[in-house]
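Survey of secondary and tertiary structure
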Amino acid sequence: MSEQRLRIAIQKSGRLSDGSFDLLKSCGLSVSRGRDKLYGRVQEMPIDILLLRDDDIPEFVADDACDIGIIGQNVFEEEILNESHEAPAEEVMKLGFAHCRLMLAAPKEWCFDGSLMLEGKRIATSYPALTRAWLARQGVNAKVVMMKGSVEVAPRLKIADAVCDIVSTGATLDANGLKPVATVFESEAVLIRNRQEFSPEKQAMFEALLKRIKGVMTSKDAKYVMMNAPRSAVPAITEFLPGADSPTILELAGNPEKVAIHAVCRESVFWDTLEELKKLGASAILVLPIEKMMA
Ligand code: ATP
Ligand code: MG
């Protein structure tokens, strides 16, 4: 691979893959995803994609085998807390997908009344550093038992009293007689980068990509909202529009009392929002998706 190509590490297959590929696609980058392939080439820009197990991504980026990577914050923070690298990769930005929670779960029969209940107990987890950091913040002394997988069976096997694991629906915990009792860490996918200075060409490419990612992220919830309203209602409507800068006010032909209001709303527009706008005097309200946006 040429020195000048930007190398991006993403998960080969798993819960981060679809989101990572979708993000690149929204940035206008198409990657051919071969089944067993380790490399992908982007057609539109000098970018190479490395497809890896998610656990390897922080290390590949820290060691300069890749320039940037997409990884779950849970895995990245665990790696940072473990201090296995002198110069670990650094987080650049949150990416708004692969949301999940690292949660402490206890047997259903426990009447959990706070973290002090964990004093002297054994907690099984694949995230020992994050778990220890949380226990320390709670002022609790407990033994952390490291398990690579199937953490939720530990209490049944009497390896541990409680577990600390990634939870989405809670169904796996439930099936193992456990219930979530406290949130240890809230995670989502993040973009990380190598700490070394990039060559000017690479830096320019990185910045161009970052600009596109930010554009994709801001346009995700953003909507173009149009409506007609009495001229007198403009101040109230403008104030109410969620996350909008100054709207555009247009004359309506043959109706001097009314105007058309056009605005980009950067926050979610719900049905409630439309009902509220109607109460303020708006009519013919249209909400349109925004495909791309650049500040
Ligand atoms: P690999 O084979 O690459 O090592 P894995 O099995 O370790 O994959 P996945 O289960 O694909 O990992 O999860 C990758 C990341 O996705 C997690 O570390 C977490 O950040 C995120 N994630 C989002 N939702 C969930 C969920 N419901 N359960 C587990 N992880 C989730
Ligand atoms: Mg993994």
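Per chain, residues are indexed from 1 in the order of the written sequence. For naming, the first written chain is A and the first written ligand is 1, with later ones following in the order written. Totals for whole chains, interfaces and linings use every residue, but because this is a predicted model, local features are given only for residues with pLDDT of at least 70 and side-chain atom pairs only at 80 or more, for both listing and counting. Hydrogens and waters are ignored; side-chain quantities use all the structure's heavy atoms.

A few words now on the coordination of the magnesium ion (ligand 2). Four donors placed tetrahedrally about a metal ideally form angles of 109.5 degrees, and six donors placed octahedrally ideally form angles of 90 or 180 degrees. A 2.8 Å cut-off from the metal defines N, O and S donors, relaxed to 3.2 Å for Na, K and Ca; water is not in the atom list, so some sites may appear incomplete. Around the magnesium ion (ligand 2), the protein contributes the donor atoms Asp54 (OD) and Asp55 (OD), which lie 2.0 to 2.1 Å from the metal centre. Classification of Asp55 as partly exposed rests on a relative accessible area of 42%. Buried residues are those whose accessible area, probed at 1.4 Å on protein chains only, stays under 20% of the maximum for their type, while exposed residues exceed 50% and partly exposed ones sit between those limits.

This part takes up the pairing of strand 8 (residues 143–146). Sheet faces and side chains relate simply in a regular strand, where the side chains alternate between the two faces. Sheet topology places strand 7 (residues 122–125) next to strand 8; 4 bridges connect them, and they run parallel. The partner of Ile123 across the bridge, within strand 8, is Val144. Each parallel crossover has a hand, and for strand 7 linked through helix 4 (residues 128–138) to strand 8 it is right-handed. DSSP-based pairing: two strands are paired if at least 2 bridges between them are found. The secondary structure listing takes helices from DSSP runs of H or I that are at least 4 residues long and strands from runs of E that are at least 2 residues long, numbered from the N terminus. Note on handedness: a crossover is taken as right-handed if, strands pointing away from the viewer, the path from the first strand over the helix to the second is clockwise.

This part covers the sheet that holds strand 7. Read across the open sheet, the 5 strands follow the order 8-7-9-6-10; overall the sheet is mixed. Only two strands of the sheet have a single partner each, and these edge strands are strand 8 and strand 10 (178–187). The sheet shows a mean angle of 30 degrees between the axes of neighbouring strands, taken without regard to direction. Sheet strands touched by helix 3 (residues 73–82): strand 9 (162–167) and strand 10. Its angle to strand 10, the strand with the most contacts, is close to 75 degrees. Across the sheet, helix 4 lies against strand 6 (100–107), strand 7, strand 8, strand 9 and strand 10, angled at about 100 degrees from strand 10, the strand it touches most. The axes are straight lines fitted to the C-alpha atoms, using for helices just the contacting stretch, and the angles between their N-to-C directions are given from 0 to 180°. By definition, residues are in contact when any of their heavy atoms lie within 4.5 Å.

Turning our eyes to something else, we now look at the UniProt feature "domain: Histidine biosynthesis HisG C-terminal" (unreviewed entry) in the protein. UniProt positions are given in the numbering used here, feature names are shortened, and annotations may be inferred rather than shown by experiment. In the numbering used here, UniProt assigns the feature "domain: Histidine biosynthesis HisG C-terminal" (unreviewed entry) to residues 221–292. From the first C-alpha to the last, residues 221–292 spans 11 Å; its make-up is 24% helix and 38% strand.

Turning our eyes to something else, we now look at the nonpolar core. By nonpolar core is meant a set of buried Ala, Val, Leu, Ile, Met, Phe, Trp, Tyr and Cys residues that side-chain atoms within 4.5 Å join together. In terms of nonpolar packing, the biggest core is built from 58 residues, with Ile8, Ile49, Leu95, Leu118 and Leu191 touching the most fellow members. Here Leu118 is in contact with Leu104, Trp110, Phe112, Ile123, Trp134, Leu135, Val140, Asn141, Ala142 and Ala162, once residues within four sequence places are set aside. In this structure, Val225, Ala233, Val259 and Val269 belong to the second largest nonpolar core, which totals 15 residues.

The element strand 4 (residues 68–72) is largely enclosed, with a buried count of 5 among its 5 residues. Of the two faces of strand 4, the one holding Ile68, Ile70 and Gly72 and the one holding Gly69 and Ile71 are both buried throughout. Sheet analysis places strand 1 (residues 6–11) next to strand 4, joined by 2 bridges and oriented parallel. From the neighbouring strand, Ile8 faces strand 4, where its bridge partner is Ile68. Taken together, the 5 bridges between strand 4 and strand 11 (residues 189–193) define a ladder with antiparallel strand orientation. For Ile70, the partnering residue across the bridge sits in strand 11 and is Leu191.

Relative orientation of the contacting elements helix 3 and helix 4 amounts to 75 degrees, with a least axis distance of 8 Å. Between helix 3 and helix 4, the angle is such that the two are roughly perpendicular. Contact residues: helix 3 offers Asn74, Glu77, Glu78, Leu81 and Asn82, while helix 4 offers Pro128, Ala129, Leu130 and Ala133. When residue character is reported, Ala, Val, Leu, Ile, Met, Phe, Trp, Tyr, Cys and Pro are called nonpolar, Asp, Glu, Lys and Arg charged, and the others, Gly included, polar. Grouping the constituent residues of the contact of helix 3 with helix 4 by class yields 5 nonpolar, 2 polar and 2 charged. When describing relative orientation, an angle under 35 degrees is termed roughly parallel and one over 145 degrees roughly antiparallel, while 65 to 115 degrees is termed roughly perpendicular and anything else oblique.

Time to look at the site of ligand 1. Consider each residue's heavy atoms; a residue with any of them within 4 Å of a molecule or strand counts as near. As a matter of local geometry, ligand 1 sits amid 16 residues, with Gln11, Arg15, Arg53, Asp55 and Asn74 nearest to it. Two N or O atoms form a polar contact when they lie within 3.5 Å of each other; inside protein one atom must be a possible hydrogen donor and the other a possible acceptor, and for residues adjacent in sequence the pair counts only when both atoms belong to side chains. The separation between an oxygen atom of ligand 1 and a polar side-chain atom of Asp54 is 2.8 Å. Ser168 places a polar side-chain atom, nitrogen or oxygen, 3.0 Å from a nitrogen atom of ligand 1. Notes on ligand 1: free accessible area 630 Å², of which the protein chains cover 77%. Split by residue class, the shell around ligand 1 holds 6 nonpolar, 6 polar and 4 charged. Each accessible area is a Shrake-Rupley estimate made with a 1.4 Å probe; only the visible protein chains count as cover when residues are assessed.

Only centres within 6.5 Å qualify two rings of Phe, Tyr or Trp (six-membered ring in Trp) as a pair; their planes then separate them into stacked at under 30 degrees, edge-to-face at over 60, and tilted for everything else. Throughout the structure, instances matching the rule amount to 1 aromatic pair. Look at NZ for Lys and CZ for Arg. If either is within 6 Å of the ring centre and within 35 degrees of the ring normal, a charge sits over the ring. Across from the ring centre of Phe198, 4.0 Å away, lies the NZ or CZ of Arg193, which sits over that ring. One residue, Arg193, lies across the ring of Phe206, its end atom 5.3 Å from the ring centre.

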